[in-house]
Amino acid sequence: MEAENAELRRALAAREGERPIDLDDARVLQAAGIYRYHHPLESAAAYKERLKELEARIADSIRESRAIVKSDLFTLNNSLAQGRRMTSDLGKLMLRAYNAEADNVIRSLRAGNVDTAKRRLEASRTAIARLGALMEMRIDDAFHALRVEEIELTADWLMKKQAEREAAREERARLREEARVQRELAPLIHGPV
């Protein structure tokens, strides 16, 4: 085993300078300057409008108690009412933790880390399901899908906003160049003044 271990260490040392091949198409394309939109829309304003609609749907899910699934049959001190009150309170706490994680993910979001953001949110959801297993508590699938869509729309909005800024910058540069050329050509067209 020691000889095999030494051979593997030599092979690893020989490959030390090599970089791993990135097999994630989206990451490779983005490194080349190509971004694939999750929800293609015309403008950053359209993304903002969709985000507002989505935020309203998220708020409705929370208001209508559809964001978190929990057992109504849990008892505490042989009391169903106390058990329901406890699951309700714990459900609110779990939902608060999940939403705080979702908000942090969105706040730190960049166009290139959408997959990482989704994984972070999924990890939060998994932890809540694991910790709430005794009370059959978990984040609702539809609510989680809304928060994932929010991440994707926000990333798309950030990318579209950046693209629009770059297009406006290029247009201003083009107009400056045209104005400069016209100033240079004006004496030739109108003659010396």
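Note that the coordinates shown come from a computational prediction; the quantities given were computed from them, not determined experimentally. (Residues numbered from 1 in each chain as written. Predicted model: local features only at pLDDT ≥ 70, side-chain atom pairs only at ≥ 80, totals over all residues. Heavy atoms only, no water.)

Caption draft 1: Region of interest: the side chain of Asp140. Relative to the helices and strands, Asp140 resides in the loop between strand 2 (138-139) and helix 6 (141-190). Of the side chains with opposite charge, Arg138 lies nearest to the buried Asp140, which makes no salt bridge, at 4.6 Å. Setting aside residues up to four positions removed in sequence, Asp140 forms contacts with Arg66, Ala67, Ile68, Val69 and Arg125. (Helix = DSSP H or I, 4+ residues; strand = E, 2+ residues; numbered from the N terminus. Buried < 20%, exposed > 50% of the residue type's maximum accessible area, 1.4 Å probe, protein only. Lys, Arg positive; Asp, Glu negative; His and termini not counted. Salt bridge = Lys/Arg side-chain N within 4 Å of Asp/Glu carboxyl O. Contact = heavy atoms within 4.5 Å.)

Caption draft 2: Spotlight on helix 4 (residues 80-107). The end-to-end C-alpha distance of helix 4, which contains 28 residues, comes to 40 Å, matching closely the 40 Å that a straight helix rising 1.5 Å per residue would cover. In the core, the buried residues of helix 4 are packed alongside helix 3 (44-63), strand 1 (68-69), helix 5 (114-131), strand 2 and helix 6. (Expected span 1.5 Å × (residues − 1).)

Caption draft 3: Expanded view of the packing of helix 4 against helix 6. Taken N-terminus to C-terminus, the directions of helix 4 and helix 6 make an angle of 15 degrees; their axes are 10 Å apart at the nearest point. As judged from the angle between their axes, helix 4 and helix 6 are roughly parallel. Of the two elements, helix 4 crosses helix 6, and the hand of that crossing is right-handed. Judged by residue contacts, Leu95, Tyr98, Asn99, Ala102, Asp103, Val105 and Ile106 of helix 4 engage Phe143, His144, Arg147, Glu150, Ile151 and Thr154 from helix 6. Split by residue class, the contact of helix 4 with helix 6 holds 7 nonpolar, 3 polar and 3 charged. (Axes fitted to C-alpha atoms, helices over the stretch in contact; angles between N-to-C directions. Parallel < 35°, antiparallel > 145°, perpendicular 65-115°, else oblique. Left-handed = near helix turned anticlockwise from the far one by under 90°. Nonpolar A, V, L, I, M, F, W, Y, C, P; charged D, E, K, R; others polar.)

Caption draft 4: Main features of the nonpolar core. Core analysis: the largest hydrophobic core is formed by 29 residues, its most contacted members being Tyr98, Leu121, Ile139, Phe143 and Ile151. Secondary structure elements with two or more residues in this core: helix 3, helix 4, helix 5 and helix 6. Examining the composition of this core, we find that 7 residues originate from one element, helix 6, more than from any other. Sequence-distant contacts of Phe143, that is, excluding residues within four places in its chain, are made with Ile58, Ser61, Ile62, Arg66, Ala67, Leu95, Tyr98 and Asn99. (Core = buried A, V, L, I, M, F, W, Y, C linked by side-chain atoms within 4.5 Å.)

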